[in-house]
Amino acid sequence: LAPKDLEGRKVLITLGPTREQWDAVRFWSNPSSGTMGACMAMAAYLRGADVTVVAGPTALTFPCDMGVVPVRSARQMYEACTDLWPDMDMGCLTAAVADYRPVPFGETKFKKNTSAGSGITVEFETNPDILKTLGQSKREGQKLMGFAAETGNLREEAARKLETKNLDLIAANDISRAGSGFGVATNEMFVLDSKGRKEQWPQLPKTEVAWRLWDHLLL
Ligand code: C5P
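Residues numbered from 1 in each chain as written. Predicted model: local features only at pLDDT ≥ 70, side-chain atom pairs only at ≥ 80, totals over all residues.

The next point concerns the sheet that holds strand E10 (residues 169–174). Ordered by their spatial adjacency, eight strands build an open sheet running E5-E4-E1-E6-E9-E10-E11-E12, and the pairing between neighbours is mixed. The sheet terminates laterally at strand E5 (67–70) and strand E12 (198–205), the two strands that pair on one side only. Within the sheet, the average angular offset between the axes of one strand and its neighbour, ignoring direction, is 20°. (Pairing = 2+ DSSP bridges. Helix = DSSP H or I, 4+ residues; strand = E, 2+ residues; numbered from the N terminus. Axes fitted to C-alpha atoms, helices over the stretch in contact; angles between N-to-C directions.)

Laid out in structure tokens, this is it:
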């Protein structure tokens, strides 16, 4: 039987990619499947939490008594999360949010220019940092967990993000390593918390990583 150590706690999870529309048919996104977030959500649910998932576009399904807010863009995810956060006890932001969005071409489909051999230039605007915004408005008693997918300087980047985003815990992984990150069922985590604890975990199933992260946050 799962311990009910999150009983009655309101937990916000973000997961999946965001999708930043450019024209009628094209968008900017990334290959996040939402698996790590789904594992965090299911672990919290099994431990008795009242879970709300803010989900970018994924193929995932959730228990019918779990709150799910489907969103597409980073700005929609930001709106949903900033509305929900004041009422939450814990936040766990796993979503692979697009840091930038293309300046929209418009409602119609962009037509290829067949006469010119040159390419096109698309401009990008900055999206809001959801995790940082929640960290800035974190009140006494709220706990916030973030993730960091890196291709180098893992420990330095994790420490910087823990600090600048005002987090209680950060779980960082090197996405250039096999078995760590996008589209795989395992992850290899470096975990750092605001109490100064540092742990390097071996490659583990994401289900196990999720279980351990809640253990760590509750300690
Ligand atoms: O700064 P970086 O994008 O590496 O931070 C990753 C963490 O911040 C993840 O937990 C991710 O879900 C969150 N994030 C966010 N909003 C953004 C960018 C990242 O919530 N715009």
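What follows picks up the thread again.
Counting residues in hydrophobic clusters, the biggest one holds 55 residues, and the most contacted among them are Val11, Ile13, Met40, Ala44, Met77 and Ile170. Among the elements that make up this core, the one with the highest residue count is helix H1 (residues 35–46) (eight residues). (Core = buried A, V, L, I, M, F, W, Y, C linked by C-beta atoms within 7 Å. Buried ≥ 20, exposed ≤ 12 C-beta atoms within 10 Å, placed from the backbone.)

For the rest of this paragraph, the subject is the UniProt feature "binding site: CTP" (unreviewed entry) in the protein chain. In the numbering used here, UniProt assigns the feature "binding site: CTP" (unreviewed entry) to Asp99, Lys109, Pro128, Asp129, Ile130, Leu131, Phe147, Lys161 and Lys165. Across 67 residues in sequence, these annotated residues place their C-alpha atoms as far as 38.4 Å from one another, rather than forming a single compact spot. Locating Phe147 in the fold gives a position in strand E9 (residues 143–150). For Phe147, a count of 26 C-beta atoms within 10 Å puts it in the buried group. The residues contacting Phe147, other than those within four sequence positions of it, are Leu93, Thr94 and Ala171. (UniProt positions renumbered as here; feature names shortened; annotations may be inferred. Contact = placed C-beta atoms within 7 Å.)

This part covers unusual backbone geometry. Located in the positive-phi region is Asn153, a residue other than glycine, with phi close to 50°. The topology assignment puts Asn153 in the loop between E9 and helix H4 (154–164). Non-glycine residue Asn166 carries a positive phi angle of around 55°. Of the residues examined, Asn166 has 17 C-beta atoms within 10 Å and is grouped as partly exposed.

This part is about the site of the ligand. Near the ligand lie 15 residues; those nearest to it are Leu93, Val97, Ile130, Leu131 and Gly146. The set of elements that each furnish at least two residues to the shell around the ligand consists of helix H3 (130–136) and E9. Of the residues assigned to the shell around the ligand, the class counts are eight nonpolar, four polar and three charged. (Near = placed C-beta within 6 Å. Nonpolar A, V, L, I, M, F, W, Y, C, P; charged D, E, K, R; others polar.)

Now for the pairing of strand E6 (residues 90–93). Here E6 shows no split at all, with Met90 and Cys92 on one side and Gly91 and Leu93 on the other all buried. Taken together, the four bridges between strand E1 (residues 10–15) and E6 define a ladder with parallel strand orientation. Bridged to Val11 within E6 is Met90. When E6 meets E9, the two strands line up parallel, connected through four bridges. Bridged to Met90 within E9 is Lys143.

Turning our attention to the packing of H1 against helix H5 (residues 206–218). How two helices sit against one another is set out by the angle between their axes and by the gap between those axes. At a closest axis distance of 8 Å, the pairing of H1 and H5 adopts a crossing angle of 55°. For the element pair H1 / H5, the angle class is oblique. Relative to H5, the crossing made by H1 is right-handed. Contacts from Thr35, Met36, Cys39, Met40, Ala43 and Ala44 in H1 reach Lys206, Thr207, Val209, Ala210, Trp211, Leu213 and Trp214 in H5. For the contact of H1 with H5, the per-class residue count stands at 10 nonpolar, two polar and one charged. (Parallel < 35°, antiparallel > 145°, perpendicular 65-115°, else oblique. Left-handed = near helix turned anticlockwise from the far one by under 90°.)

What follows concerns H4. Listing the buried residues of H4 in full gives Leu154, Ala158, Lys161 and Leu162. Projected down its long axis, H4 shows its buried positions confined to an angular sector of 105°, all on one face. Along H4, the residues that are exposed and aim more than 90 degrees away from the buried face are Glu156 and Thr164. Where H4 is buried, its residues meet E9, E10 and strand E11 (186–193). (Arc of directions from axis to C-beta.)

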